[in-house]
Amino acid sequence: MASEALRNQVAAKWQDAFTRLNRGAAGISGLVEFSKAWAVAAEFLRPRELGAPQKDFNTQEVRGAFDVLMQCRMLPMLLESFVENMRQNQHLITSDVEKYMAEYETASPAPQQATGDADVIGRLVLRLAEWYLAWAPGGELGHTISSAYTVAFQTHVFSVLPPAFARGFQRLLAATLALATGADPDGRGPPSARDAQLWPAFELLGLADRYEALVAGVCYAHIEAHVREACARCWDAPMLAALREWMAEKVVPWMLLPYARGAKTTEEARTMLQGVGSRFDFHVCKTLCDLRHEMFDIVIDYPDSTPALHDLKECLQRVDQRAQLVQELRRANKRRLLHPGADTKDILTQYVSLIRCLRIIDPPGVLLFKVADPIRRYLRDRPDTIRCIVASLVVDGESGESLVDDDEPIQPLQSAQVDDYVDPNWEPEPIDAGPDFRANKPSDVVSTLVSIYDSKDLFIKELQVLLAQRLLAVTDGNYEKERRNLEILKIRFGEAPLQVCEVMLKDMTDSKRIDQHVQAQSLSVVHPTIISRHFWPQFQSTKILMPGQLREIQESYARGFTTFKPDKKLRWLSHLGSIRLELELQDRTVSAEVPPLEAAFIELFSEEDVWTVDDLVARVGLVERPTALKALLAWVERGVLREETDDGGAQRFRLLEHAAEDAPGTTGMTAASSRAALAAEEPAGVLSVQQQQAGQMKVYWKFIEGMLTNLGGLPLDRIQTMLKFAPGYDRTPEQLGAFMDAARREGLVSAKDGVWRLNR
């Protein structure tokens, strides 16, 4: 049985509840009024089906009922009752969701019906918004009831939406963005995307907040698509500013809908969009950086691609993709540039363009240092790199083959210097610089190219060879271009290393003066170029003995020279130069300007009409047989000689006094001999640097042979150290290694584990 204390407590509670509900009214009139107010409020909040006839309520009556319930402190109980009633009617919302989602999921996935699928989602959202507004209690009833209703409604909606809704909602968002940015000018998108109530419906249902990641993803995808469409392979115009203008005019108005929904003023909207706008601007820069995997082609198109480089520079300041840019460029260079099929001149041209491009993107030069290292190592191993660099330095301006920009100032070669830490303008190296990086690397292109090698002596020697070839090729006596090039090279390399070149140029002018003096004493048909033997590069050792009247002309001129210069003697290089001949045959006269070897051969035919190749070579001197055949073939093509074979099959040539002369036994050259003759190259006048170095290294072979004989196997660095004691040895370890590899190919030495041994 209940105790007296419990009965008293229950009685007190009952009396308190009665007093609160009756509100001090007479009798139970207050309870009756409370009961009527409860009935009115409950009926007003009761959820109904859409389309059901709306009951007419007196606003004053409803407000009075809620006031009574508030005085009785029964609003929480009313809210619980309302939520329970709504829960009992939620099957209506669930059935609508299932119906629309079934329509969406059974729709054909064909591209032409894709917009219909998104439209189903749009109609579902608008339908749910109708349910929300139909069951909403109204804001005048207080924030507590409204917020409780919103939470309960959204919780149920989110619980019944299937996973497929997210995909459809994403497509619906994409359609609204395309419509806002003008990407759907024909209006092929879903009709619901154009409904003005769609975004308010998103707000009512809380979809913009729940699917915030989808909203951002749709915007990111749209930005990426637009950047790829507008900027792919478009390098001749600045694109970043245009992209930001497009963002401000097209995308930002759409961004106001999900990200600045509660903004009442422009300043407030700007403040709300500041963070998300920065994210999307970052994505614009990142997408543009990702698109510039075309960097190799951008470098090829320089300087037309300069605007793209400035855009990339600004993007890299926002997006940390420097490492990806380096990796992409190194891969592209290895695949498309650094292979045997690429010409050295093309590699150098691309390297120079790369230098200029990366200096625009990264003035400190960190990116250039990382990207250019494989190119420099590859060029260092190519035998013709120095020749191509030197040729570009002395090329004619109108040829367009120079690696140096005409607008680039001419300045002395620069070299990397040690950091001066007491310099008040000193700056530390960039944070991503490697341990071997130096911020004060050579800045001009020529210094960068020359720095591929450790010493500039190789360039000086190549300059001497190239200048010799160009001077000997001049036929009109005008050496102004060569003189101008030499003055420019003096600025770059200094005057002292180019003293030999100055002597070579002086020899050409002195030669003309000496020839005029000799011609004044005794007129001669020969006009030789007289050079100083000790200052010019080595020439080919081919010795041609000019026969007949050609030799007499040489000797006559030499006597006149000795008279003028008693302390000097001429040594003829008969394989160089050209001779203008006029052959008087019985029925015609043939005029031609030919090399000395061809002139020597045709002079011998003045003694006899028929010669074999061996007899001609024996009379002329040390001439290789393919070279001799090529010279004779030239006269055959002019119709002066004819090739024959005698009864023994020996090859011989006959002088044709008559052009129509033809005789049995004429076979012409065999296919093999023709190919050999045509493939044989004319002997070069000046030895290249590689040929000179190979000849000089043969002198040191005896030293190397003695080392390996007396000491056994030696590593390359030990051989290099010991060779430094030999007089005049100045080769680098790389050059010595190349020479040892050549000796190994000839079978003279062998190498195992880096140790070189003689082959016994």
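Residues numbered from 1 in each chain as written. Predicted model: local features only at pLDDT ≥ 70, side-chain atom pairs only at ≥ 80, totals over all residues. Heavy atoms only, no water.

A. Structural detail: the packing of helix 8 (residues 164-181) against helix 9 (residues 198-205). Between helix 8 and helix 9, the shortest axis-to-axis distance is 12 Å and the interhelical angle comes to 140°. Relative to helix 9, helix 8 is oriented oblique. Along this stretch, helix 8 crosses helix 9, giving a crossing that reads as left-handed. Between helix 8 and helix 9, the residues in contact are Phe-169, Leu-172, Leu-173 and Thr-176 and Leu-198, Trp-199 and Phe-202, respectively. In terms of residue class, the contact of helix 8 with helix 9 is built from six nonpolar, one polar and no charged. (Axes fitted to C-alpha atoms, helices over the stretch in contact; angles between N-to-C directions. Helix = DSSP H or I, 4+ residues; strand = E, 2+ residues; numbered from the N terminus. Parallel < 35°, antiparallel > 145°, perpendicular 65-115°, else oblique. Left-handed = near helix turned anticlockwise from the far one by under 90°. Contact = heavy atoms within 4.5 Å. Nonpolar A, V, L, I, M, F, W, Y, C, P; charged D, E, K, R; others polar.)

B. Structural view of the sheet that holds strand 4 (residues 641-645). Here we have three strands laid out as an open sheet, ordered 3-5-4, and antiparallel in their pairing. If you trace the sheet from one side to the other, it starts and ends with strand 3 (610-612) and strand 4, each paired once. Across the sheet, the axes of successive neighbouring strands diverge by a mean angle of 30°, strand direction being ignored. Along the sheet face, helix 27 (residues 625-637) touches strand 4 and strand 5 (651-655) and points at about 35° away from the line of strand 5. (Pairing = 2+ DSSP bridges.)

C. Examining the sheet that holds strand 6 (residues 714-715) more closely. In space, the three strands of this open sheet follow the order 6-8-7, with antiparallel pairing throughout. Looking at strand neighbours, the two that pair on one side only are strand 6 and strand 7 (749-752), the edges of this open sheet. Bridge count for strand 7 against strand 8 (residues 755-758) is four bridges, and the pairing is antiparallel. Bridge pairing in strand 8 links Ser-750 to Arg-757. Here helix 31 (residues 733-745) sits on the sheet in contact with strand 7 and strand 8, set at roughly 115° to strand 7.

D. Spotlight on the nonpolar core. Within the largest apolar cluster, 151 residues are counted, with the highest numbers of intra-cluster contacts made by Phe-165, Leu-207 and Met-295. Excluding residues within four positions of it along the chain, Phe-165 makes contact with Met-101, Ile-121, Leu-124, Val-125, Leu-207 and Tyr-211. (Core = buried A, V, L, I, M, F, W, Y, C linked by side-chain atoms within 4.5 Å. Buried < 20%, exposed > 50% of the residue type's maximum accessible area, 1.4 Å probe, protein only.)

E. Looking closely at helix 5 (residues 90-106). The end-to-end C-alpha distance of helix 5, which contains 17 residues, comes to 24 Å, matching closely the 24 Å that a straight helix rising 1.5 Å per residue would cover. Burial in helix 5 covers these residues: Gln-90, Leu-92, Ile-93, Thr-94, Asp-96, Val-97, Tyr-100, Met-101 and Tyr-104. (Expected span 1.5 Å × (residues − 1).)

F. Structural detail: unusual backbone geometry. Each neighbour pair has its own omega, and for Tyr-302 with Pro-303 the value is 10°, a cis peptide bond. For Pro-303, the position within the fold is in the loop between helix 14 (295-300) and helix 15 (306-318). The backbone phi angle of Arg-233 is positive, close to 55°, even though this residue is not glycine. Summarising the element assignment, Arg-233 is placed in the loop between helix 11 (212-231) and helix 12 (240-259). The phi angle at Asp-753 is positive, at roughly 55°, despite the residue not being glycine.

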